[in-house]
Amino acid sequence: MASSDGGPAMRPEFQRQIPNAAGVLLILFFALFPLVYTGGNYDYVMHVLITAFFYAILSASWSMLAGYAGQFSFGHMAFMAIGAYTAALFGHYFWITGEATGLCREIPFFGNWLVVVNPIGVTSTTLDQDCLRQAMTAWDGSVSVTRMPIWLGIVLGTLMGGLAGFLVGILVLRLRAAYLALFTLGFSEIVKAVISAEIDITRGQAGMELPPLFPDGVTLFGQAFGPTDKIPPYYAMFGLLLLCLAILTWLARSRFGLFVRALREDQDAAAALGVNTTRYKVVVFTITCAMAATAGAVQAHYVQIVTPNMLFLLQMSLVVAMAVIGGIENFVAAALGAIFLQIMLEVLRTSFTIGGVEVDMTTWRLVFFGLLLMVTLRFFRNGLIAPLIDRFRRAGVAAETVEKRTATLTGPGGGPHRADAAEVPE
Amino acid sequence: METPGIFWGVIGWMIAWGIAGSLLLRQRYFARDLDTTNAGFVGAMAGAALGPVALIALWARTPQLTGRIIVGVTLLAVVLIAAAFAFADPQNNCVSNGEFVASQITNGLIIGIIYGFMALGLTLIFSILGVVSFAHGEFYMIGGMLVYYLTAVWLPGLNPLAAVVAACAIAMLIGATFERLMLTPMYHGRVDRPVEYGILATFGLAFTLQYLVQALHGASPVKAQRFIDFPRWEWPAEAAAPLVQTRRGSIEFFDLVTISNPRFVAAVTCILVLLALLFFLHRTWQGRALRAVAQDREAAAIAGIDPDKMNMLAFALGGMIAALAGALLVQAFSWLPQVGAIPAMRSFVIVVLGGLGSLPGAFIGGILVGLVEAAGTGCIPNAQKAASYIPAYGMIVLTLTLLLRPTGLFGRRFAGGAHGQF
């Protein structure tokens, strides 16, 4: 390490601040980037970054669950899908109208009517319009029809994801390691099968369309943005990422983080020392799954469509790989790994030709990705980014510890636990 | 379904008494200081099958829960479900049409044998290494792909048998190499959480293999030629309804059930290899060493077995078994780089159902899953929904097994290997 060999290196206290400074700079960079960047591929770059933030939330919350709490769940995408589908179903089936339709199931709602649309599936043999569309055709625009607020759908999605996480957390209390991985994988497959099979309600593989995140546009910094502009969803997803990271940091630094790590290291020992392992396991499942669900709901509104394909094992492997490559036991590193890898995956998309052989990078990049995952697992057990952070964080710690030790031996007020131990009177 | 009320009423009644039975009986056995391992399971099944009568009897007498009782109540519960279904839907194909039932059962058995064989590889790996290999489906895919490429692209006209053997050898090599390169750190406490490390490492292998094949081959489906043509043959000869009758592409038993050639060949080969495997495990030094390590790692080491070598052997064998299943089925199904996902999921279900680490459990579990799947495809009135829900049945069985009896049907309390724990 540069500081410990006494060269003209920076002072350790200074070095320890480097990760913080880098973090602030990175946040500033991402916050200002959309305002400064003026490339011709602006929308594309924005899209890549929004997706990167989405994966960063998933990967950070998964690393809390797997790296901190040691619960290797392979069903994280299922909770993401639960959030996305809750938002989609809510937006699709609940509407507020000025008058009663007389066709749908409806209840009075503060002077208006809350309408529950009937599910008609993808191709109904008898109906080509659901009851609300029929009523709207009859009204011909004379009655106001408003959709539910987008944020309410997202909140509901978060709650449903948290609830599902809570229930799964209770169910897996007794399961560890391989059994937990299989159970969560099974859960994920069941969710996928239900979504694919209940075509009447979820429209199956056809997917459900959602309104954009800001359907009526939004005004930021005195500038109006339309529903398809990239800047509002960019800041929404970025803000969500920062919020999630803040919550995770707060959790990790509190007693909760300590107990959860104790759970990981030795569940029985933690329980014997009075940690309520049941409660912490369930709580960590609930929180991380709610985060995944929020990310899913926001992303669903951003891309405006949800399909059961988001539950493919590939998606889960991407999140796992990102967290592992970033550093599974450090959620900030996991989030950075996700952003970095998502950008790399997009950059590596361009195919090239070596000696007349065209290399189709759209698949080869994933091969390299897999190899990188294995190499990281084998040789860099803490990931590639986490050790970098630790290197600065722990600068000079070794020297300090040695100093403190020697001080307790020789200095004034030396503790009785060291050399004096021999002089303790009987 | 004609009267769904009857069916769902019976199911609801069974679920209610099943839950009550599992909770009550476990408590009763616990209070009486008896073995509670099977109490919850038997309670659930007895409650489901016979309702309060059985529960009161078990509650009063608290007999020792032997295998006979377990199997008996489970069979009763299954029969009850089948009876309720038959009453509720008498017009259904699988109630009224005997020929259809016979062919469904045969199909279920055939596919179950192949599933069970594949799960055997997974359980072998688990019993020695304590790791669930997430790359099992990819070995299956590689096996099939290799056979296709060997017989159709690289060496046209190659004997299929040679191609199958070569595919197995290559899969074994991949398995052994991967184990040496990636899994060795987990044996001697060099990683903090070995089981999770193993899961992630095999996950990485699966990812890499799948995309490597996709990059090399592309995403177009392929299918290998039929390995052998059956000769035309009847037994007894010249009978009006021969007991066994073969055509080039199929075999027919009792003039009733027809099995297509590739499936029949695959199932028979699986059984033969299974017998060879049993011979290997029980009669040769290496095989005995493998089983010894599965039972007790330290004791095996004291007896002069190198457990690390056995790890390599187990992983290579497990990969080879999956590859062999794939190599045999590539003549029956069209093959894609993603084809491994479904059999891998089935194998997970089967090994958990049979008990992780139990070899007979894997095979019997495979046949059970094959039969359940056949029943599910054949009997559910809404065919489209049935097709979508088929992956879910297995997973529901898996989650229920994990909740009710994590050791599975034949599992030991603590699964073998150095790292096996719940």
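Residues numbered from 1 in each chain as written. Chains lettered and ligands numbered in written order. Predicted model: local features only at pLDDT ≥ 70, side-chain atom pairs only at ≥ 80, totals over all residues.

Engineer: Looking at this structure, I do not really get the overall build of chain A. What am I missing?
Structural biologist: The secondary structure content of chain A amounts to 17 helices and 10 strands. Partitioning the intrachain contacts of chain A with sequence separation of at least 6 by distance along the chain shows that 72% fall at a separation of at least 24. (Helix = DSSP H or I, 4+ residues; strand = E, 2+ residues; numbered from the N terminus. Contact = placed C-beta atoms within 7 Å.)

Engineer: Would you mind showing me how to read the packing of helix α2 (residues 39–50) of chain B against helix α3 (residues 52–61) of chain B here?
Structural biologist: Residues and elements named next belong to chain B. At a minimum axis separation of 6 Å, α2 and α3 run at an interaxial angle of 140°. By the angle between their axes, α2 is oblique relative to α3. Packed against α2, whose contacting residues are Ala-46, Gly-47, Ala-49 and Leu-50, the element α3 presents Val-53, Ala-54, Leu-55 and Leu-58 at the interface. A class-by-class count of the residues in the contact of α2 with α3 yields 7 nonpolar, 1 polar and no charged. (Axes fitted to C-alpha atoms, helices over the stretch in contact; angles between N-to-C directions. Parallel < 35°, antiparallel > 145°, perpendicular 65-115°, else oblique. Nonpolar A, V, L, I, M, F, W, Y, C, P; charged D, E, K, R; others polar.)

Engineer: Any chance you could explain the sheet that holds strand β2 (residues 244–246) of chain B here in plain terms?
Structural biologist: Strand pairing in a sheet relies on backbone hydrogen bonds, with the paired strands running either antiparallel or parallel. Residue and element names in this part refer to chain B. Pairing is antiparallel in the open sheet, where 4 strands are placed in the order β1-β2-β3-β4. What marks the edges here is a single partner per strand, and that holds for β1 (233–235) and β4 (257–260). With direction set aside, neighbouring strand axes in the sheet form an average angle of 15°. Here β2 runs beside strand β3 (residues 250–253); their pairing, made up of 3 bridges, is antiparallel. Across the sheet, Val-244 pairs through a bridge with Phe-253, a residue of β3. Sheet strands in contact with helix α10 (residues 261–283) are β3 and β4, and its direction is about 80° off that of β4. (Pairing = 2+ DSSP bridges.)

Engineer: Even after reading the chapter, I still don't get the domain arrangement of chain B, so can you show me in this structure?
Structural biologist: Note: interface size is frequently given as the accessible area lost on complex formation between the parts. Domain annotation for chain B reports domain 1 (4–91) and domain 2 (99–228 + 272–404). Between domain 1 of chain B and domain 2 of chain B, the C-alpha centre-to-centre distance is 33 Å. (Domains from an automatic or database assignment.)

Engineer: What is the right way to look at the interface of chain B and chain A in this model?
Structural biologist: Of the residues lining the interface, 39 residues belong to chain B; the matching set on chain A comes to 38 residues. Secondary-structure elements contributing two or more residues to the side of chain B that touches chain A are α9 (194–217), α14 (341–354) and α16 (383–404) of chain B. Classifying every residue of the side of chain B that touches chain A by side-chain character gives 30 nonpolar, 6 polar and 3 charged.

Engineer: It is not clear to me how the sheet that holds strand β3 (residues 112–116) of chain A should be interpreted in this structure. Could you clarify?
Structural biologist: Residues and elements named next belong to chain A. Spatial ordering of the open sheet is given by β2-β3-β1-β4, a layout of 4 strands whose pairing is antiparallel. Strands with a single pairing partner mark the edges of an open sheet, and in this sheet they are β2 (105–109) and β4 (145–147). Within the sheet, the average angular offset between the axes of one strand and its neighbour, ignoring direction, is 30°. By the bridge criterion, 5 bridges tie β2 to β3 in an arrangement that is antiparallel. Along β3, the bridge assignment pairs Phe-109 with Asn-112.

Engineer: What should I look at first to understand the domain arrangement of chain A in this one?
Structural biologist: All names here are of chain A. Taken domain by domain, chain A comprises domain 1 (23–98 + 144–393) and domain 2 (99–143). Placing a centre on the C-alpha atoms of domain 1 and another on those of domain 2 gives a separation of 35 Å. Between domain 1 and domain 2, the residue contacts involve 14 residues of the former and 15 residues of the latter. Secondary-structure elements contributing two or more residues to the side of domain 1 that touches domain 2 are β1 (94–97) and α8 (199–202). Per-element tally for the side of domain 1 that touches domain 2: the top contributor is β1, with 4 residues.

Engineer: Could you clarify how one ought to interpret helix α15 (residues 361–379) of chain A in this entry?
Structural biologist: Along an α-helix, residues three or four apart share an orientation, since each turn contains 3.6 residues. In this model, α15(A) (19 residues) spans 26 Å end to end at C-alpha, consistent with the 27 Å of a helix rising 1.5 Å per residue. For α15(A), the set of buried residues is Thr363(A), Arg365(A), Leu366(A), Val367(A), Phe369(A), Gly370(A), Leu373(A), Met374(A), Thr376(A) and Leu377(A). In this fold, the buried residues of α15(A) make contact with α13 (313–326) and α14 (331–347) of chain A together with α8 (160–183) and α9 of chain B. (Expected span 1.5 Å × (residues − 1). Buried ≥ 20, exposed ≤ 12 C-beta atoms within 10 Å, placed from the backbone.)

Engineer: Just checking my understanding: could you explain the confidence of the model for chain B for this structure?
Structural biologist: The predicted coordinates should not be examined in detail at positions where pLDDT is low. Residues and elements named next belong to chain B. Within chain B, residue pLDDT values average 83, and 97% of them lie at 70 or more. For chain B, per-element mean pLDDT is lowest for helix α5 (residues 93–96), which scores 73, and highest for α8, which scores 91. With pLDDT under 50 throughout, residues 413–422 is counted as low confidence; its partners more than four residues away or in other chains account for 32 contacts. Two numbers describe this predicted complex: its pTM, 0.83, and its ipTM, 0.81. (pLDDT = per-residue confidence, 0-100.)

Engineer: Teacher, can you tell me more about the packing of helix α4 (residues 76–93) of chain A against helix α7 (residues 177–197) of chain A here?
Structural biologist: For any two helices packed against each other, one specifies the inter-axial angle together with the distance between the axes. Residue and element names in this part refer to chain A. Running from N to C, α4 and α7 point in directions that differ by 30°, and their axes come no closer than 8 Å. Here α4 is positioned roughly parallel relative to α7, judged by the angle of their axes. Across the interface between the two elements, Met-77, Ala-78, Ala-81, Ile-82 and Tyr-85 from α4 touch Phe-187, Ser-188, Val-191 and Ile-195 from α7. The residue makeup of the contact of α4 with α7, split by class, is 8 nonpolar, 1 polar and no charged.

Engineer: I'm lost on the environment of Leu314(A) in this one. Help?
Structural biologist: Position of Leu314(A) among the secondary structure elements: in helix α13. Considered as a pair, Leu314(A) and Ala270(A) are 44 residues apart in the sequence and their alpha carbons are 35 Å apart.

Engineer: It is not clear to me how helix α4 (residues 67–88) of chain B should be interpreted in this structure. Could you clarify?
Structural biologist: Residue and element names in this part refer to chain B. Here α4 spans 32 Å end to end across 22 residues, near enough to the 32 Å set by a 1.5 Å rise per residue. For α4, the complete set of buried residues consists of Val-73, Phe-85 and Ala-88. The buried residues of α4 occupy an angular sector of 115° when projected down its axis, which confines them to one face. For α4, exposure combined with an orientation more than 90 degrees from the buried face picks out Gly-67, Arg-68, Val-71, Leu-75, Val-79 and Ala-83. Where α4 is buried, its residues meet α1 (4–31), α2 and α15 (359–379). (Arc of directions from axis to C-beta.)

Engineer: Explanation requested: the nonpolar core in the structure shown.
Structural biologist: Ranked by internal contacts, the top residues of the largest apolar core, which has 221 residues, are Phe53(A), Ile57(A), Ala81(A), Ile114(B) and Ala323(B). Element by element, the count of residues in this core is highest for helix α13 (residues 307–329) of chain B, at 16 residues. With sequence-adjacent residues up to four places away left out, Ala323(B) is seen in contact with Phe139(B), Tyr140(B), Ile142(B), Gly143(B), Ala167(B), Cys168(B) and Ala171(B). Ranked by size, the runner-up nonpolar core spans 16 residues in total, among them Trp17(B), Ala44(B), Ala46(B) and Ala49(B). (Core = buried A, V, L, I, M, F, W, Y, C linked by C-beta atoms within 7 Å.)

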